[in-house]
Amino acid sequence: TVQSAAPAAPSNASQVSRGLTPHEVYLRDAPGVAYVTSTVVQKSESPFSFGQETRQGQATGSGIVIDANGTILTNYHVVENAIKVTVSFEKGKAVEAQVVGKDPSNDLAVLRISTDGLTLHPLTLGDSSAVQVGDPVYAIGNPFNLERTLTTGVVSALQREITAPNGFAINNVLQTDAPINPGNSGGPLLNA
């Protein structure tokens, strides 16, 4: 029989700290999550004629405001092959974005938008080295063309490896059971 000792009560009630609730995390951080839309051109071999056929389409994803100067971090695959990228924080209010940095091997891209008429809410980047399996986490993003949804979960594992779209191995990835769907790409995984 194993019996665990009861945790010692703090000597001062002010020393008790609690994390934010999912709702509080959403209120704090959702304004810093961008909806990213890319107009992309896809080239493919035409089955009915000789040569290539080009088609225009849209890719959607999420992004993180990282400073008040209009810098947004997203996934590279959200803007790959884009001829136009827009960012919005409210439905119907999109601004054009420039891709100013790309790292396909780590599936990252940096966007820049004009801040005229916008109040941006930068998110603070965390330190993933302090994360532990079982920590509660929250994902805010734009899955399935929906705006700013919140899903919850825990950190399921540390030091996973995934493959970037260009085949490069990305190491030390956090695994979560928070639902992540198409359109969440580029959005944050948050803690309290």
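Residues numbered from 1 in each chain as written. Predicted model: local features only at pLDDT ≥ 70, side-chain atom pairs only at ≥ 80, totals over all residues. Heavy atoms only, no water.

A. Representation of the sheet that holds strand 10 (residues 189–190) in the model. Sheet architecture is open: four strands sit in the order 9-8-7-10, paired in antiparallel fashion. The two strands at the open ends of the sheet, each matched to only one other strand, are strand 9 (169–176) and strand 10. Direction of pairing for strand 7 (residues 136–141) relative to strand 8 (residues 149–163): antiparallel, over a ladder of six bridges. Bridge assignment links Pro136 to a residue of strand 8, and that residue is Val154. Where helix 1 (residues 22–29) meets the sheet, its contacts fall on strand 7, strand 8 and strand 10, and the angle it forms with strand 7 comes to roughly 40°. (Pairing = 2+ DSSP bridges. Helix = DSSP H or I, 4+ residues; strand = E, 2+ residues; numbered from the N terminus. Contact = heavy atoms within 4.5 Å. Axes fitted to C-alpha atoms, helices over the stretch in contact; angles between N-to-C directions.)

B. Representation of the nonpolar core. Of all hydrophobic cores here, the largest spans 14 residues; its most connected members are Val36, Ile72, Val79, Val87, Phe89, Leu111 and Ile113. Elements represented by at least two residues in this core include exactly strand 1 (33–45), helix 2 (76–79), strand 4 (82–90) and strand 6 (108–113). Other than its neighbours up to four places away in sequence, Leu111 contacts Val36, Gly70, Thr71, Ile72, Thr74, Val79, Val85, Val87, Ala97, Gln98, Val99 and Val100. Judged by nonpolar contacts, the second largest core, of eight residues, contains Val25, Ile64, Leu123 and Tyr138. (Core = buried A, V, L, I, M, F, W, Y, C linked by side-chain atoms within 4.5 Å. Buried < 20%, exposed > 50% of the residue type's maximum accessible area, 1.4 Å probe, protein only.)

C. Inspection of unusual backbone geometry at higher detail. Phi at Arg148 takes a positive value of approximately 45°, unusual for a residue other than glycine. We note that Gln159 has phi near 55°; this positive angle belongs to a residue other than glycine. Structurally, the position occupied by Gln159 is in strand 8.

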